[in-house]
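Listed below are the residues making up each chain.
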Amino acid sequence: MAINTVIVFGAGQMGSGIAQVAATAGLNVILSDVRSELVDKGLQEIKSRLTRDEAKGRRSAEESEQIWRAISPSVDSSDARHADLVIEAVVENREAKARLFERLDTLCPPDVIFASNTSSLPITELAAVTNRPDKVIGMHFMNPVPVMKLVEVVRGLATSDDTYETIRAVSEQLGKIPVAVNDYPGFVSNRILLPMINEAIYCVYEGVASPEAVDDVMRLGMNHPMGPLALADFIGLDTCLSIMEILHNGLGDSKYRPCPLLRKYVRAGWLGRKSGRGFYRYTD
């Protein structure tokens, strides 16, 4: 199946990044969200990244303009009728994603593929709310999308070979490296990453070391480019908690129990970079 037009639902950090790489690859892109101000914010983030790339000599002004012109804003979910591929990047919540797929299932032609950028939710369950489970697949991008090469391509129980091959080819067209992963909680990336972050939070919670010390050990001793607590702040502590709960509930093992300190920070609204405070304070 030829993919010419992509609609991305969710204009946040991930959705705007996905829209940008799709437009860079020469696809027509519709960036959609529930409110115009959210779409405008996503477009501004794209504009800022393009301007920064120009300043650093990574792309010309003409290339940036071509990418910019390939992206159309939308607050109308019925615009999905014009797309060959739907990529949802809405909040990491099963009900929200399922409601979106249910609605789109009635709007889109039957050959349109639904891809979810979920970082941990079961693809099989999302597919089950549609009448096209063979055309539902996981397409888990890494953050920041324009930089990171990996895409976890997650097959649900009913995902067809044709759907998988199409998404594998699209991922490569976007300049990414697709890796096939089966449909288990957290897939591979977050099943490994989030327990490490959770254990780092336990180190702070139990008084083993300060956040700075924990991050220094992992950066300087393990050669990680970013410490686990700084990374948690970058991801968003609410997202980290959501993924840990999915792992804990889905796998039933106490080793995935979210640290109480993580829960406390989320309840306090200390969500990391996006709220200005998490394990560290942020002024910008």
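Note that the structure is predicted; figures quoted are calculated from it, not measured.

**Description of the nonpolar core**
Part 1: Within the largest apolar cluster, 35 residues are counted, with the highest numbers of intra-cluster contacts made by L31, L85, M139, F141 and L174.
Part 2: Here this core takes six residues from helix α1 (residues 13-24), the largest share from any one element.
Part 3: With 21 residues, the next largest nonpolar core counts L194, V214, L237 and Y256 among its residues.

**Overview of the environment of V217**
Part 1: By the secondary structure assignment, V217 is in helix α8 (residues 211-222).
Part 2: V217 gets classed as partly exposed once you look at its relative accessible area, which sits at 48%.

**So, the UniProt feature "domain: 3-hydroxyacyl-CoA dehydrogenase C-terminal" (unreviewed entry) in the protein**
Part 1: Feature annotation in UniProt assigns "domain: 3-hydroxyacyl-CoA dehydrogenase C-terminal" (unreviewed entry) to the following positions: residues 186-282.
Part 2: Within residues 186-282, the helical portion is 62% and the strand portion 0%, while the C-alpha atoms at the span's ends are 28 Å from each other.

**Concerning the UniProt feature "domain: 3-hydroxyacyl-CoA dehydrogenase NAD binding" (unreviewed entry) in the protein**
Part 1: Under the UniProt annotation, "domain: 3-hydroxyacyl-CoA dehydrogenase NAD binding" (unreviewed entry) lies at residues 5-183.
Part 2: The straight-line gap between the two end C-alpha atoms of residues 5-183 is 27 Å; of that span, 41% is helix and 22% is strand.

**Concerning the sheet that holds strand β4 (residues 85-88)**
Part 1: Spatially, eight strands are ordered β3-β2-β1-β4-β5-β6-β7-β8 in an open sheet, and the strand pairing comes out mixed. The strands lining the two open edges of the sheet, one partner per strand, are β3 (71-74) and β8 (177-182). Ignoring which end each strand starts from, the neighbouring axes of this sheet average 25° apart.
Part 2: Where strand β6 (residues 136-141) and strand β7 (residues 150-155) come together, five bridges link them in antiparallel fashion. Residue I137 lies in a different strand from β7, and its bridge partner there is R155.
Part 3: Of the strands in this sheet, β1 (5-9), β4, β5 (113-116) and β6 are in contact with helix α4 (residues 94-107), which crosses β5 at around 170°.

**Concerning the side chain of D53**
Part 1: Note on placement: D53 falls in helix α2 (residues 36-55).
Part 2: By relative accessible area, which is 10% here, D53 ends up buried.
Part 3: Excluding residues within four positions of it along the chain, D53 makes contact with Q20, R58 and R59.

**Side note on the pairing of β5**
Part 1: A two-sided burial pattern is seen for β5, the buried positions comprising I113 and A115 on one face and F114 and S116 on the other.
Part 2: Examined bridge by bridge, β4 and β5 share four bridges and lie parallel to one another. Following the sheet pairing, L85 is matched in β5 by I113.
Part 3: Taken together, β4, α4 and β5 form a β-α-β motif whose crossover is right-handed.
Part 4: The pairing of β5 with β6 spans three bridges and is classified as parallel.

**A word on the packing of aromatic side chains**
Part 1: Scanning the entire structure with this criterion turns up four aromatic pairs.
Part 2: With centroids separated by 5.1 Å and ring planes inclined at 40°, the aromatic side chains of F101 and F114 adopt a geometry described as tilted. Residue F101 is located in helix α4, and its partner F114 is located in strand β5; the two are separated by 13 residues in the primary sequence.
Part 3: By relative accessible area, F101 is classed as buried at 0%.
Part 4: Relative to Y205, the ring of Y202 has its centre 6.1 Å away and its plane inclined at 70°; by these criteria the two rings are edge-to-face.

Reading the values: rules and limits
- Residues numbered from 1 in each chain as written.
- Predicted model: local features only at pLDDT ≥ 70, side-chain atom pairs only at ≥ 80, totals over all residues.
- Heavy atoms only, no water.
- Core = buried A, V, L, I, M, F, W, Y, C linked by side-chain atoms within 4.5 Å.
- Buried < 20%, exposed > 50% of the residue type's maximum accessible area, 1.4 Å probe, protein only.
- Helix = DSSP H or I, 4+ residues; strand = E, 2+ residues; numbered from the N terminus.
- UniProt positions renumbered as here; feature names shortened; annotations may be inferred.
- Pairing = 2+ DSSP bridges.
- Axes fitted to C-alpha atoms, helices over the stretch in contact; angles between N-to-C directions.
- Contact = heavy atoms within 4.5 Å.
- Right-handed = clockwise from strand over helix to strand, strands pointing away.
- Phe/Tyr/Trp six-rings, centres within 6.5 Å; stacked < 30°, edge-to-face > 60°.

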